[in-house]
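# An overview of the molecular structure
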Amino acid sequence: MSKYNGLSGIQFLLGNHAIAEGALAAGCRYFAGYPITPASEIAERMSERMPQVGGRFIQMEDEIGSIFSVVGASLAGVKAMTATASAGYNYMQEGIGFAVTLEVPCVIVDVQRTRQDIQPTQADVMQVRWGTSGDYEIICLAPSSVQEAFDLMIEAFNFAEKYRNPVVVMCDSLISHTRGKVVIPDKINIIDRKTPKMPTEEYLPFKAEEDGVPPMSKIGDGYRVLYTMNPHDEKGRIIDVATNPDIYEKLYDRICGKILHDADKIAKYETHFLNDADIAVVSYGIEARISLDAVIKARKEGIKAANVKLTTVWPVPSRLLEDISERVKTIIVPEMNLGKYFREVQRVCRGKTRLVSMPKNRGQPHTTEEILNVIRKESR
Amino acid sequence: MKVHPNIKFLRRDALPHGLCPGCGCGQILNYFLYAIDELKLDIDKMALVTGVGCSSRIPVYIDAYVIHGVHGRTFPIATGIKLANPEVNVVIFTGDGDCAAIGGNHFIQAARRNLDVTTILVNNRIYGMTGGQVAPTTPSDAITSTTPLGNVECPFDLCKLAEAAGATYVSRWTTAHPRSCINAIKKGIQHKGFSFIEIVSQCPTYFGRYALGFREPEQFINWLRENSVPKEKANKMSPEELRTKIVVGEFVEKRKPTLIEQYMEMEKRVRRHVNA
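Calculation rules
- The numbering scheme is per chain: residues are counted from 1 as the chain's sequence reads.
- Labels follow written order: the first chain is A, the first ligand is 1, and so on.
- Per-residue local features of the predicted model are confined to residues with pLDDT of at least 70, and side-chain atom pairs are confined, for both listing and counting, to 80 or more; whole-chain, interface and lining totals are unaffected and use all residues.
- Numbered from the N terminus, helices here are DSSP runs of H or I no shorter than four residues, and strands are runs of E no shorter than two.
- Only C-alpha atoms enter the radius of gyration; for comparison, a globular chain is expected to reach 2.2 Å times N to the power 0.38, where N is the number of residues.
- Three exposure classes are used, all based on how many other C-beta atoms lie within 10 Å of a residue's own C-beta (placed from the backbone): buried at 20 or more, exposed at 12 or fewer, and partly exposed between those limits.
- Any two residues are considered in contact once their C-beta atoms, placed from the backbone, lie within 7 Å.
- The residue classification treats Ala, Val, Leu, Ile, Met, Phe, Trp, Tyr, Cys and Pro as nonpolar and Asp, Glu, Lys and Arg as charged. All others, Gly included, are polar.
- Only when DSSP finds a minimum of two bridges between them are two strands counted as paired.

### As for the overall build of chain B
In terms of regular secondary structure, chain B is built from 11 helices and eight strands. Expected size for 276 residues packed as a compact globule is a radius of gyration near 19 Å; at 19 Å, chain B falls within 12% of this value. When the backbone C-alpha atoms are referred to their principal axes, chain B occupies close to 70 × 50 × 35 Å. Out of the 276 residues in chain B, the part that is buried amounts to 50%.

This is the structure in structure tokens:
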């Protein structure tokens, strides 16, 4: 693989190009995708950049092919990703389930959009969490700016490699199609998956180490792993669930447990003015940027409002939400959908404080004024 | 005790196998092991990719890198492995449902790209694992679990499909042709490009009982041998005469740049451009 000639300094990038560059900076060297607006610029950028950095790009026949070829590349030891938009994400669910169960690190970008004229939305927030069959956990990060689109791709690959789990970067057509300033850090912290060090005959490919994650071998290295989607034991042997319910239960407890156990470490967020706040606006993605603007304006009017931006959307940052619910009188949750994530906030905070859902399902984000008006109303 | 010479390739802890008595999958496993033994291949440089169905269980018994368990996605997984590490020798085991129904588009696209992998298609012309339902390769009029009054559809000729899509090595045999199967697998693995080997196999449990009315696997294997027609002879027969026959032989063997070769050429151009 040739040397990575990455970007440096201050750049002015399209959101989708920032996503591609962030991935390359994280060490991604395989991209497979299928064209779909408004995610296509990620594939276009990758098709040009991958051969320059010693990686490989392929446009597959559909989204199913894309995600499975990403899984294949990752099994061969290469950091891999795909990118799609809402309707294309549907097709990827099968492969995401495969990657979760076989613990194959990979990153999937979902640029959320409405049908027809690709207006922004956050209507996929539940589909990225609950789309594939069986029990699983997923890590999902939501950028709210072009800078974050770059930064969170690095976080996403690091989480994927650390936990051997697919990570979804969930943005929307507004972030993807906005050009913005991106400061490329001089030093980038990169995490690579653990590899087995023991003799081949001692390696148990699905036995976790202390951190809950098994080391991962790669195709061609002699460890001869059977990767089967069927229920399997620590060695990878297929088991019958009827006669081995304990092994089955343990397998999924561990796959989910490694994420849930570290939920607090995975939870990334930003809070503004929380210390003395009576009202907190909790949101993610582009909505979090607008709500910050509204909170700043509310503060100027003397209202004790706070902004809470959830960078990690899944797993739900429960401890943070519990903490906020004990501090403030009202939590407002603006969303570009029918009010889906609000239910998660309800699950965590119900009975502890007043909760206000602010859905907007019109293919556009809230305006500052809309959020400000609700803050004003709740402050009275 | 006398042991099979190729048991060294098997995962002993995966045995005994779960295939039906008389199933052709065991024979095909045996043919494949003979092929890699005779070629003296390094199993550690191989990846065996497989899907879902009876035939997809074949490599599960082999001690190697094996990817198993999603229906029809063998070709995309193989594409990712091969592009990420072209040194890996990828063999795909797939069935008629896995390859031609749910994985049909992936199959023709991989052939079109001349992806340098070997595909062993086990064609038992029925869905065995799910209880004997009609497949895209089930002959017209055949009785299956979902065509109790006879199949009203026409079957695929998967060798013709592979050829039309761009496969550069194509052959068809049956489980009743052990040496030809072994030789075809050897040739397919050595061939640079997309190799497609169809092995028509017996499913005594479903196709044998439902479609052919056989009670014994032996009858089925004899039937496969008696109904196979070498392609040279088939060229002189009418479509009507060939309707119930299985045309066997080598159909395509040609050299074309593979996907990886094309990709590496492009990378050279990029490097020249970057260095200039």
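We are not done yet, so read on.
### A few points about the overall build of chain A
A count of helices and strands for chain A gives 13 helices and 15 strands. Over its C-alpha atoms, taken along the principal directions, chain A stretches across nearly 70 × 50 × 40 Å. Within chain A, the fraction of its 380 residues that count as buried is 55%. For chain A, restricting intrachain contacts to residue pairs at least 6 apart in sequence, the fraction spanning at least 24 positions comes to 76%.

### Some thoughts on the interface of chain B and chain A
Listed as interface residues are 34 residues of chain B and, on the opposing side, 36 residues of chain A. Only β2 (65-68), α2 (74-84), α4 (104-112) and α11 (259-275) of chain B provide two or more residues apiece to the side of chain B that touches chain A. With eight residues, α2 of chain B is the single largest residue contributor to the side of chain B that touches chain A. Split by residue class, the side of chain B that touches chain A holds 19 nonpolar, eight polar and seven charged. Looking at chain direction, strand β9 (residues 226-228) of chain A and β2 of chain B are connected through three bridges and run parallel. Of the residues in β2 of chain B, the one forming a bridge with Tyr227 of chain A is Ile67 of chain B.

Geometric descriptors of this kind do not, in isolation, establish any biological role.
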